[in-house]
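Structural overview for review
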Amino acid sequence: MKVATVSPRSLGVVSRIAYFGPQGTFTEQAARVLAGGEELIPVETVRLAMTAVREGEADAACVPIENSVEGVVPTTLDALSESTPLVAVAETILPIHFSVLTRRGGGDIKTVASHPHALAQVREWVEANLPDAHPVASSSTSAAAVGVLDGHFDAAVCAPVAVEHYDLEVLATEVADVSDAATRFLLVRPPGELPEPTGADRTSVVAAAVNRTGTLAELLTALADRGINLTRLDARPTRSNFGEYRFFIDFEGHVAEPRILDALTALRRHCRNLRFLGSHPRADGTRTTIQPGAGNDDFVDAAVWADAVRKGDLA
Ligand SMILES: O=C(O)C(=O)C[C@]1(C(=O)O)C=C[C@@H](O)C=C1
(Lines give C-alpha, C1' and ligand atoms only; values in the text may rest on other atoms or scores of the structure.)
Protein backbone atom coordinates (compact mmCIF):
# COMPACT_ATOMS: atom_id res chain seq x y z
CA MET A 1 0.00 0.00 0.00
CA LYS A 2 1.25 3.50 -0.87
CA VAL A 3 1.69 5.61 2.26
CA ALA A 4 0.82 9.28 2.31
CA THR A 5 -1.09 11.79 4.36
CA VAL A 6 -3.64 14.42 3.51
CA SER A 7 -4.48 17.53 5.50
CA PRO A 8 -8.23 18.02 5.91
CA ARG A 9 -9.27 20.88 3.65
CA SER A 10 -12.48 21.81 5.29
CA LEU A 11 -12.59 20.91 8.93
CA GLY A 12 -14.68 23.89 9.99
CA VAL A 13 -14.54 24.48 13.72
CA VAL A 14 -12.57 21.58 15.16
CA SER A 15 -10.67 22.41 18.30
CA ARG A 16 -10.94 19.24 20.42
CA ILE A 17 -10.14 15.83 18.96
CA ALA A 18 -10.89 12.69 20.95
CA TYR A 19 -8.64 9.80 19.92
CA PHE A 20 -8.38 6.10 20.66
CA GLY A 21 -5.75 6.13 23.40
CA PRO A 22 -4.27 6.18 25.95
CA GLN A 23 -1.23 8.27 24.99
CA GLY A 24 1.28 6.66 22.65
CA THR A 25 -1.11 4.73 20.35
CA PHE A 26 -0.79 4.76 16.60
CA THR A 27 -4.14 6.55 16.62
CA GLU A 28 -2.60 9.42 18.60
CA GLN A 29 0.02 9.81 15.86
CA ALA A 30 -2.71 9.78 13.23
CA ALA A 31 -4.62 12.44 15.20
CA ARG A 32 -1.47 14.59 15.27
CA VAL A 33 -1.12 14.28 11.49
CA LEU A 34 -4.77 15.22 10.95
CA ALA A 35 -5.11 17.83 13.64
CA GLY A 36 -2.61 20.64 13.50
CA GLY A 37 -2.89 22.64 16.68
CA GLU A 38 -6.06 21.12 18.15
CA GLU A 39 -6.40 19.84 21.70
CA LEU A 40 -6.10 16.04 21.74
CA ILE A 41 -8.16 14.06 24.22
CA PRO A 42 -7.15 10.41 24.84
CA VAL A 43 -10.12 8.07 25.28
CA GLU A 44 -10.02 4.37 26.27
CA THR A 45 -11.99 2.85 23.38
CA VAL A 46 -12.98 3.63 19.80
CA ARG A 47 -16.65 3.71 20.76
CA LEU A 48 -16.00 6.18 23.62
CA ALA A 49 -14.06 8.46 21.26
CA MET A 50 -17.16 8.67 19.08
CA THR A 51 -19.42 9.04 22.13
CA ALA A 52 -17.33 12.06 23.19
CA VAL A 53 -18.22 13.68 19.84
CA ARG A 54 -21.87 12.63 19.99
CA GLU A 55 -22.18 14.13 23.48
CA GLY A 56 -20.40 17.37 22.55
CA GLU A 57 -17.29 16.74 24.67
CA ALA A 58 -15.13 16.72 21.52
CA ASP A 59 -15.56 18.23 18.04
CA ALA A 60 -14.13 15.25 16.16
CA ALA A 61 -12.73 11.78 16.82
CA CYS A 62 -9.72 10.02 15.31
CA VAL A 63 -10.19 6.26 14.96
CA PRO A 64 -8.50 3.37 13.09
CA ILE A 65 -10.60 1.95 10.24
CA GLU A 66 -8.53 -0.69 8.40
CA ASN A 67 -5.13 -2.34 8.40
CA SER A 68 -3.44 -3.76 5.31
CA VAL A 69 -2.67 -7.06 7.07
CA GLU A 70 -5.53 -7.68 9.50
CA GLY A 71 -8.34 -5.90 7.67
CA VAL A 72 -11.09 -3.78 9.06
CA VAL A 73 -11.40 -2.67 12.71
CA PRO A 74 -14.83 -4.11 13.61
CA THR A 75 -15.47 -1.83 16.62
CA THR A 76 -15.04 1.22 14.39
CA LEU A 77 -17.59 -0.06 11.87
CA ASP A 78 -20.08 -0.93 14.60
CA ALA A 79 -19.68 2.43 16.35
CA LEU A 80 -20.13 4.28 13.03
CA SER A 81 -23.40 2.52 12.28
CA GLU A 82 -25.05 3.03 15.67
CA SER A 83 -26.43 6.02 17.58
CA THR A 84 -26.42 9.48 15.91
CA PRO A 85 -24.61 9.74 12.54
CA LEU A 86 -20.99 10.84 12.22
CA VAL A 87 -19.20 11.45 8.93
CA ALA A 88 -15.55 11.07 7.97
CA VAL A 89 -14.01 14.36 6.82
CA ALA A 90 -10.36 13.30 6.52
CA GLU A 91 -8.11 10.26 6.58
CA THR A 92 -4.47 9.41 6.94
CA ILE A 93 -2.44 6.24 6.44
CA LEU A 94 0.46 5.37 8.74
CA PRO A 95 3.14 2.73 8.18
CA ILE A 96 2.94 0.19 11.01
CA HIS A 97 5.90 -1.45 12.69
CA PHE A 98 6.10 -2.11 16.39
CA SER A 99 8.44 -1.91 19.36
CA VAL A 100 8.30 -4.61 22.02
CA LEU A 101 8.58 -3.13 25.52
CA THR A 102 9.31 -4.88 28.83
CA ARG A 103 9.74 -3.83 32.49
CA ARG A 104 13.18 -2.53 33.35
CA GLY A 105 15.29 -5.45 34.57
CA GLY A 106 12.23 -7.71 34.02
CA GLY A 107 12.70 -11.51 34.02
CA ASP A 108 11.06 -14.23 31.91
CA ILE A 109 8.53 -13.19 29.32
CA LYS A 110 5.46 -15.40 29.79
CA THR A 111 2.82 -13.00 28.46
CA VAL A 112 2.93 -10.55 25.56
CA ALA A 113 0.02 -8.14 25.32
CA SER A 114 -1.37 -5.81 22.67
CA HIS A 115 -4.40 -4.77 20.68
CA PRO A 116 -5.69 -7.82 18.73
CA HIS A 117 -4.87 -6.11 15.41
CA ALA A 118 -1.29 -5.58 16.58
CA LEU A 119 -0.90 -9.17 17.86
CA ALA A 120 -2.12 -10.44 14.49
CA GLN A 121 0.62 -8.42 12.76
CA VAL A 122 3.48 -9.87 14.86
CA ARG A 123 2.32 -13.49 15.29
CA GLU A 124 5.32 -14.97 13.43
CA TRP A 125 7.79 -12.69 15.24
CA VAL A 126 6.42 -13.72 18.66
CA GLU A 127 6.49 -17.43 17.73
CA ALA A 128 10.10 -17.11 16.60
CA ASN A 129 11.44 -14.77 19.30
CA LEU A 130 9.24 -15.32 22.38
CA PRO A 131 8.15 -18.97 21.92
CA ASP A 132 7.16 -19.36 25.60
CA ALA A 133 5.04 -16.19 25.72
CA HIS A 134 1.24 -16.28 25.66
CA PRO A 135 -0.39 -13.53 23.55
CA VAL A 136 -2.97 -11.53 25.57
CA ALA A 137 -5.41 -9.03 24.06
CA SER A 138 -5.49 -5.52 25.51
CA SER A 139 -7.77 -2.61 24.58
CA SER A 140 -4.95 -0.81 22.70
CA THR A 141 -1.20 -1.03 22.18
CA SER A 142 -0.62 1.63 24.87
CA ALA A 143 -3.02 -0.09 27.29
CA ALA A 144 -0.66 -3.09 26.96
CA ALA A 145 2.28 -0.84 27.96
CA VAL A 146 0.33 0.34 31.03
CA GLY A 147 -0.38 -3.33 31.81
CA VAL A 148 3.34 -4.14 31.69
CA LEU A 149 4.12 -1.22 34.04
CA ASP A 150 1.40 -2.44 36.41
CA GLY A 151 2.78 -5.99 36.36
CA HIS A 152 -0.18 -7.58 34.52
CA PHE A 153 1.86 -8.61 31.47
CA ASP A 154 5.57 -9.16 30.79
CA ALA A 155 5.83 -7.54 27.35
CA ALA A 156 3.81 -5.12 25.24
CA VAL A 157 3.70 -4.77 21.45
CA CYS A 158 3.45 -1.00 20.98
CA ALA A 159 3.82 1.93 18.66
CA PRO A 160 7.49 3.05 18.69
CA VAL A 161 6.51 6.37 20.39
CA ALA A 162 5.03 4.51 23.39
CA VAL A 163 8.46 4.33 25.00
CA GLU A 164 8.40 8.15 25.31
CA HIS A 165 5.30 7.89 27.53
CA TYR A 166 5.90 4.74 29.58
CA ASP A 167 9.05 4.00 31.58
CA LEU A 168 9.80 0.65 29.94
CA GLU A 169 12.77 -1.03 28.29
CA VAL A 170 12.92 -1.61 24.53
CA LEU A 171 13.36 -5.33 23.79
CA ALA A 172 12.99 -5.03 20.00
CA THR A 173 12.21 -2.43 17.36
CA GLU A 174 10.99 -2.59 13.74
CA VAL A 175 8.88 -5.65 14.58
CA ALA A 176 6.41 -6.58 11.81
CA ASP A 177 5.61 -9.85 10.02
CA VAL A 178 4.75 -7.81 6.91
CA SER A 179 7.31 -5.08 6.40
CA ASP A 180 5.10 -2.60 4.52
CA ALA A 181 2.00 -2.93 6.74
CA ALA A 182 -0.13 0.22 7.05
CA THR A 183 -3.27 1.35 8.87
CA ARG A 184 -5.81 3.89 7.65
CA PHE A 185 -7.35 6.26 10.21
CA LEU A 186 -10.41 8.51 9.94
CA LEU A 187 -11.31 11.85 11.43
CA VAL A 188 -15.08 11.76 12.07
CA ARG A 189 -17.41 14.47 13.23
CA PRO A 190 -21.16 15.30 13.16
CA PRO A 191 -22.68 15.92 9.70
CA GLY A 192 -22.04 19.45 8.39
CA GLU A 193 -19.99 21.07 5.69
CA LEU A 194 -18.04 18.47 3.70
CA PRO A 195 -14.47 18.77 2.42
CA GLU A 196 -14.27 20.02 -1.19
CA PRO A 197 -13.96 17.36 -3.91
CA THR A 198 -10.38 16.93 -5.14
CA GLY A 199 -10.68 14.30 -7.89
CA ALA A 200 -9.05 11.77 -5.54
CA ASP A 201 -11.84 11.22 -3.03
CA ARG A 202 -13.51 8.40 -1.14
CA THR A 203 -17.20 8.12 -0.26
CA SER A 204 -18.47 5.73 2.43
CA VAL A 205 -21.92 4.39 3.26
CA VAL A 206 -23.42 1.72 5.46
CA ALA A 207 -26.39 -0.05 3.94
CA ALA A 208 -28.96 -2.20 5.71
CA ALA A 209 -30.24 -4.13 2.72
CA VAL A 210 -33.63 -5.79 2.54
CA ASN A 211 -33.23 -9.51 3.33
CA ARG A 212 -34.16 -11.12 0.01
CA THR A 213 -32.47 -12.72 -2.97
CA GLY A 214 -30.06 -10.50 -4.86
CA THR A 215 -30.08 -7.35 -2.71
CA LEU A 216 -26.29 -7.17 -2.33
CA ALA A 217 -25.99 -7.71 -6.09
CA GLU A 218 -28.44 -4.82 -6.61
CA LEU A 219 -26.33 -2.49 -4.45
CA LEU A 220 -23.13 -3.41 -6.26
CA THR A 221 -24.82 -3.18 -9.66
CA ALA A 222 -26.05 0.34 -8.83
CA LEU A 223 -22.40 1.33 -8.42
CA ALA A 224 -21.02 -0.71 -11.32
CA ASP A 225 -23.69 0.68 -13.70
CA ARG A 226 -22.40 4.17 -12.96
CA GLY A 227 -18.76 3.17 -13.48
CA ILE A 228 -17.95 3.61 -9.77
CA ASN A 229 -14.96 1.71 -8.42
CA LEU A 230 -15.30 0.08 -4.96
CA THR A 231 -12.39 0.47 -2.53
CA ARG A 232 -13.77 -1.66 0.34
CA LEU A 233 -16.71 -3.91 1.14
CA ASP A 234 -17.35 -5.35 4.60
CA ALA A 235 -20.33 -7.00 6.22
CA ARG A 236 -21.19 -6.79 9.92
CA PRO A 237 -24.12 -8.46 11.66
CA THR A 238 -27.01 -6.12 12.55
CA ARG A 239 -27.00 -7.78 16.03
CA SER A 240 -30.79 -7.86 16.03
CA ASN A 241 -31.65 -10.79 13.74
CA PHE A 242 -29.27 -13.72 13.27
CA GLY A 243 -28.14 -13.85 9.64
CA GLU A 244 -28.93 -10.16 8.90
CA TYR A 245 -26.04 -7.94 7.85
CA ARG A 246 -25.09 -4.34 7.26
CA PHE A 247 -22.80 -3.65 4.31
CA PHE A 248 -20.07 -1.06 4.64
CA ILE A 249 -19.18 0.17 1.17
CA ASP A 250 -16.36 2.58 0.27
CA PHE A 251 -16.03 3.78 -3.30
CA GLU A 252 -14.13 6.30 -5.38
CA GLY A 253 -15.68 9.75 -5.79
CA HIS A 254 -17.36 12.56 -3.84
CA VAL A 255 -21.03 13.20 -3.09
CA ALA A 256 -20.65 16.63 -4.76
CA GLU A 257 -20.29 14.78 -8.12
CA PRO A 258 -23.53 14.17 -10.07
CA ARG A 259 -22.61 10.52 -10.79
CA ILE A 260 -22.05 9.79 -7.08
CA LEU A 261 -25.27 11.53 -6.07
CA ASP A 262 -27.10 9.48 -8.73
CA ALA A 263 -25.57 6.28 -7.29
CA LEU A 264 -26.54 7.24 -3.73
CA THR A 265 -30.16 7.80 -4.71
CA ALA A 266 -30.14 4.37 -6.44
CA LEU A 267 -28.64 2.73 -3.33
CA ARG A 268 -31.30 4.41 -1.20
CA ARG A 269 -34.05 2.74 -3.23
CA HIS A 270 -32.56 -0.71 -2.60
CA CYS A 271 -31.98 -0.33 1.15
CA ARG A 272 -34.06 -0.59 4.28
CA ASN A 273 -31.70 1.99 5.70
CA LEU A 274 -28.77 3.86 4.17
CA ARG A 275 -26.36 5.96 6.23
CA PHE A 276 -23.92 8.33 4.52
CA LEU A 277 -20.53 8.11 6.25
CA GLY A 278 -18.78 10.92 4.40
CA SER A 279 -16.80 12.01 1.32
CA HIS A 280 -13.20 13.13 1.79
CA PRO A 281 -9.81 13.21 0.02
CA ARG A 282 -7.98 9.89 -0.13
CA ALA A 283 -4.72 9.75 1.79
CA ASP A 284 -3.01 7.76 -0.96
CA GLY A 285 -3.95 10.42 -3.53
CA THR A 286 -5.26 7.84 -6.03
CA ARG A 287 -7.39 9.70 -8.54
CA THR A 288 -10.91 8.52 -9.31
CA THR A 289 -11.18 6.26 -12.35
CA ILE A 290 -13.80 7.49 -14.80
CA GLN A 291 -15.27 4.96 -17.25
CA PRO A 292 -16.37 6.11 -20.73
CA GLY A 293 -19.95 7.46 -20.49
CA ALA A 294 -19.81 7.64 -16.68
CA GLY A 295 -18.18 11.05 -16.18
CA ASN A 296 -19.96 13.86 -14.35
CA ASP A 297 -20.50 15.71 -17.68
CA ASP A 298 -22.20 12.60 -19.07
CA PHE A 299 -24.61 12.56 -16.10
CA VAL A 300 -25.32 16.30 -16.40
CA ASP A 301 -25.86 16.09 -20.19
CA ALA A 302 -28.18 13.11 -19.79
CA ALA A 303 -30.22 14.91 -17.09
CA VAL A 304 -30.50 18.04 -19.28
CA TRP A 305 -31.63 15.88 -22.23
CA ALA A 306 -34.23 14.02 -20.10
CA ASP A 307 -35.55 17.32 -18.73
CA ALA A 308 -35.93 18.71 -22.24
CA VAL A 309 -37.80 15.57 -23.28
CA ARG A 310 -40.08 15.87 -20.22
CA LYS A 311 -40.85 19.52 -21.11
CA GLY A 312 -41.67 18.56 -24.71
CA ASP A 313 -38.69 20.56 -26.08
CA LEU A 314 -37.00 17.43 -27.51
CA ALA A 315 -37.93 14.01 -28.72
O1 LIG B 1 -3.65 0.38 19.66
C2 LIG B 1 -3.23 1.23 18.87
O3 LIG B 1 -2.11 1.76 18.97
C4 LIG B 1 -4.07 1.67 17.78
O5 LIG B 1 -3.97 2.79 17.37
C6 LIG B 1 -5.01 0.67 17.16
C7 LIG B 1 -4.45 -0.12 16.00
C8 LIG B 1 -5.62 -0.85 15.23
O9 LIG B 1 -6.77 -0.77 15.63
O10 LIG B 1 -5.34 -1.50 14.22
C11 LIG B 1 -3.84 0.79 15.04
C12 LIG B 1 -2.79 0.45 14.29
C13 LIG B 1 -2.13 -0.86 14.42
O14 LIG B 1 -2.54 -1.60 13.28
C15 LIG B 1 -2.51 -1.58 15.65
C16 LIG B 1 -3.51 -1.16 16.44
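Calculation notes
- Residues numbered from 1 in each chain as written.
- Predicted model: local features only at pLDDT ≥ 70, side-chain atom pairs only at ≥ 80, totals over all residues.
- Heavy atoms only, no water.
- Phe/Tyr/Trp six-rings, centres within 6.5 Å; stacked < 30°, edge-to-face > 60°.
- Helix = DSSP H or I, 4+ residues; strand = E, 2+ residues; numbered from the N terminus.
- Buried < 20%, exposed > 50% of the residue type's maximum accessible area, 1.4 Å probe, protein only.
- Domains from an automatic or database assignment.
- Contact = heavy atoms within 4.5 Å.
- Buried area = accessible area lost by both parts, 1.4 Å probe.
- Salt bridge = Lys/Arg side-chain N within 4 Å of Asp/Glu carboxyl O.
- Polar contact = N/O pair within 3.5 Å; in protein donor to acceptor, adjacent residues only side chain to side chain.
- Near = heavy atom within 4 Å.
- Areas by Shrake-Rupley, 256 points an atom, 1.4 Å probe, with all protein chains shown as cover.
- Nonpolar A, V, L, I, M, F, W, Y, C, P; charged D, E, K, R; others polar.
- Pairing = 2+ DSSP bridges.
- Axes fitted to C-alpha atoms, helices over the stretch in contact; angles between N-to-C directions.
- UniProt positions renumbered as here; feature names shortened; annotations may be inferred.
- Expected span 1.5 Å × (residues − 1).
- Arc of directions from axis to C-beta.

**Focus: the packing of aromatic side chains**
Inspection of the entire model under this criterion finds 1 aromatic pair. Both rings, one in Phe26 and one in Phe98, keep their centres 5.4 Å apart while their planes meet at 90 degrees; by these two values the pair is edge-to-face. Highlighted residues: Phe26 in helix H1 (residues 26–35) and Phe98 in strand E6 (residues 98–102), separated in sequence by 72 residues. Across the pair, exposure class does not vary: Phe26 and Phe98 are buried alike.

**Here we look at the domain arrangement of the protein**
Many descriptions give the size of an interface as the accessible area lost when the pieces come together. The domain boundaries assigned to the protein delineate domain 1 (12–94 + 182–193), domain 2 (98–175) and domain 3 (194–296). On the domain 3 side, the residues contacting the 26 residues of domain 1 number 21 residues. Carbon and sulfur atoms make up 51% of the area that domain 1 and domain 3 hide from each other, which totals about 1800 Å². Scanning the region where domain 1 abuts domain 3 turns up 4 salt bridges. In this structure, Arg236 engages Asp78 in a salt bridge whose closest nitrogen and oxygen atoms are separated by 2.6 Å. In this assembly, domain 1 and domain 3 are joined by 11 residue pairs in polar contact (both at pLDDT 80 or more).

**Remarks on the pattern of salt bridges**
Counted under the stated rule, the structure contains 23 salt bridges. In this structure, the salt-bridge partner of Arg184 is Glu66, at a minimum N-O distance of 2.9 Å. With Arg184 in strand E11 (residues 182–189) and Glu66 in strand E3 (residues 60–67), this residue pair connects regions lying 118 residues apart in the sequence. Exposure class is identical for Arg184 and Glu66. Each is buried. Here Asp108 makes a salt bridge to Lys110, at a shortest N to O gap of 3.9 Å. Note on Asp108: relative accessible area 59%, which makes it exposed. Here Lys110 falls in the exposed class, since its relative accessible area comes to 53%.

**A few points about the site of the ligand**
Looking at the ligand, there are 14 residues lining it, with Phe26, Thr27, Gln121, Thr141 and Thr183 nearest. Interatomic distance of 2.5 Å between a side-chain N/O atom of Thr27 and an oxygen atom of the ligand. The contact in question runs from an oxygen atom of the ligand to an N or O atom on the side chain of Thr141, over 2.4 Å. In isolation the ligand has 360 Å² of accessible area, and contact with the protein removes 100% of it. Where the shell around the ligand is concerned, the elements lending two or more residues are H1, E3 and helix H4 (116–121). Tallied by class, residues from the shell around the ligand come to 5 nonpolar, 9 polar and no charged. Two domains each donate at least three residues to the shell around the ligand, and these are domain 1 (12–94 + 182–193) and domain 2 (98–175).

**A short note on the sheet that holds strand E9 (residues 155–158)**
Strand order across the open sheet formed by 5 strands is E8-E7-E9-E6-E10, with mixed pairing between neighbours. The strands lining the two open edges of the sheet, one partner per strand, are strand E8 (134–137) and strand E10 (169–175). Each strand axis lies, on average, 25 degrees off the axis of its neighbour in the sheet, ignoring direction. Sheet topology note: the strand E7 (residues 111–114)/E9 ladder contains 2 bridges and is parallel. The partner of Val112 across the bridge, within E9, is Ala155. Of the strands in this sheet, E6, E7 and E9 are in contact with helix H6 (residues 141–149), which crosses E9 at around 160 degrees.

**Examining the UniProt feature "domain: ACT" (unreviewed entry) in the protein**
Feature annotation in UniProt places "domain: ACT" (unreviewed entry) on residues 204–282, given in this structure's numbering. The distance separating the terminal C-alpha atoms of residues 204–282 is 12 Å; by composition the span is 29% helix and 42% strand.

**Description of helix H8 (residues 258–270)**
For the α-helix, the turn length of 3.6 residues means that residues three or four positions removed from each other point alike. Here H8 is 13 residues long and its end C-alpha atoms lie 19 Å apart, about the 18 Å a rise of 1.5 Å per residue gives. Three or more residues of H8 are buried, namely Arg259, Ile260, Ala263, Leu264, Ala266 and Leu267. Buried residues in H8, looked at end-on, bunch into an arc of 165 degrees, giving them a common side. The inward-facing, buried residues of H8 contact strand E12 (201–209), helix H7 (215–224), strand E14 (245–252), strand E15 (271–281) and helix H9 (296–311).

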